[in-house]
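# Overview (structure and organization)
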Amino acid sequence: MAASDFSRLIAAAADAIAAHAEELTALDQAIGDGDHGLNMKRGFEAVRAEAEAIAAKPLPDALKAAGTKLVMTVGGASGPLFGTLLMALGKEVPAAPDRAALTMALGKAIEAVSARGKSQPGQKTMLDVLQPVYEALAQGKTANEIADAADQAADATVPMKALRGRASFLGERSIGHMDAGARSTALLVRAIAEAIEGS
Ligand code: ADP
Ligand code: MG
């Protein structure tokens, strides 16, 4: 991937988070502590600020650098988890991945998030979007279909009961609200899918 392409992915991701920060905050206010929008915005703006240096690296190193930056800046439960996702992706992808290599790397990265969070799909977290995105990628779906699958998966967290993260403290009262991390994951997936499609 050319440096300019990775720069565009960073900009697209940071723009999507910035445009929806208030929505993410509101979701986290309903069943968490209301910091998710600000956490994510801080992290992605920090990555954006170093986009040039990050994008100049080979793809595996660029992903690791972006992940490290997210761990240092997002905070909360989601920072280490999104950071782990990108760092593990960086560890697994070749410099110029085809779809098969990307799919395999995403599968491994999701396993790393799952291990780090001691969590599984079905517990009302970001994993409930990541797993269907992996499946859509493995099934050869288009970028648009993958983005739609991510949105549907985030919507599908509404009726779930949270079993991990702060929302789990609410038990049954977590039912009826979308998980904030699932929503931010879907936003990132759409932003990246559209940016890749456009290149
Ligand atoms: P905090 O919960 O510390 O305030 P954030 O508000 O930034 O952190 O992020 C909350 C999001 O992190 C949740 O909506 C959920 O998607 C995700 N999350 C929390 N704990 C876990 C976990 N153990 N495994 C996977 N995702 C998790
Ligand atoms: Mg929070």
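Keep in mind it's a predicted model, so treat the numbers as computed, not measured.

All right, on to the coordination of the magnesium ion (ligand 2) then. Here the magnesium ion (ligand 2) is held by Asp 28 (OD), Asp 33 (OD) and Asp 35 (OD), and the distances to it run 2.0 to 2.2 Å. Positions of the donor residues of the magnesium ion (ligand 2) along the chain correspond to the pattern D-x4-D-x1-D. A relative accessible area of 12% places Asp 28 in the buried class. By relative accessible area, Asp 33 is classed as partly exposed at 38%.

To continue, consider the UniProt feature "domain: DhaL" (unreviewed entry) in the chain. Mapped onto the present numbering, the UniProt feature "domain: DhaL" (unreviewed entry) falls at residues 4-194. Summarising residues 4-194: 71% helix, 0% strand, and an end-to-end C-alpha distance of 15 Å.

What surrounds ligand 1 is a group of 20 residues, the closest being Ala 77, Ser 78, Gly 117, Ser 119 and Asp 179. Contacts to ligand 1 include Asp 33, whose side-chain N or O atom sits 2.9 Å from an oxygen atom. Within the backbone of Met 126, a nitrogen or oxygen atom sits 3.1 Å from an oxygen atom of ligand 1. Relative to its unbound accessible area of 570 Å², ligand 1 is 93% covered by the protein chains. Elements represented by at least two residues in the shell around ligand 1 include exactly helix H3 (36-49), helix H6 (78-92) and helix H10 (180-197). Split into classes, the residues belonging to the shell around ligand 1 amount to five nonpolar, nine polar and six charged.

Position of Thr 125 relative to the elements: it lies in the loop between helix H7 (99-117) and helix H8 (127-138). Excluding anything up to four places from it in sequence, Thr 125 contacts Arg 164, Asp 179 and Ala 182.

For H7, built from 19 residues, the straight-helix expectation of 27 Å at 1.5 Å per residue is met to within 8% by its first-to-last C-alpha distance of 26 Å. Within the span of H7, buried status applies to Ala 101, Thr 103, Ala 105, Leu 106, Gly 107, Ala 109, Ile 110, Val 113 and Ser 114. Check the buried side of H7 and you find it contacts H6 and H8. Looking one or two places after H7, you find Lys 118, whose phi comes out positive at around 45°.

One can find Val 47 in helix H3. In sequence terms Val 47 and Thr 68 are 21 residues apart; their C-alpha atoms lie 9.5 Å from each other.

Once that is clear, we can look at the pattern of salt bridges. Once their charged atoms are close, side chains differing in charge can pair, the charge on each being opposite to the other. All chains considered together, the criterion is met by twelve salt bridges. One salt bridge connects Asp 5 with Arg 8, and the closest N-O pair in it is separated by 3.7 Å. Note that Asp 5 and Arg 8 are positioned in helix H1 (residues 3-19) at a spacing of three residues, about one turn of the helix. Residue classification places Asp 5 among the partly exposed residues on the basis of a relative accessible area of 25%. The residue Asp 148 makes a salt bridge to Arg 190 at a minimum N-O spacing of 2.7 Å.

The rules behind the values
Residues numbered from 1 in each chain as written. Chains lettered and ligands numbered in written order. Predicted model: local features only at pLDDT ≥ 70, side-chain atom pairs only at ≥ 80, totals over all residues. Heavy atoms only, no water. Donors = N, O, S within 2.8 Å, 3.2 Å for Na, K, Ca; no water. Buried < 20%, exposed > 50% of the residue type's maximum accessible area, 1.4 Å probe, protein only. UniProt positions renumbered as here; feature names shortened; annotations may be inferred. Helix = DSSP H or I, 4+ residues; strand = E, 2+ residues; numbered from the N terminus. Near = heavy atom within 4 Å. Polar contact = N/O pair within 3.5 Å; in protein donor to acceptor, adjacent residues only side chain to side chain. Areas by Shrake-Rupley, 256 points an atom, 1.4 Å probe, with all protein chains shown as cover. Nonpolar A, V, L, I, M, F, W, Y, C, P; charged D, E, K, R; others polar. Contact = heavy atoms within 4.5 Å. Expected span 1.5 Å × (residues − 1). Salt bridge = Lys/Arg side-chain N within 4 Å of Asp/Glu carboxyl O.

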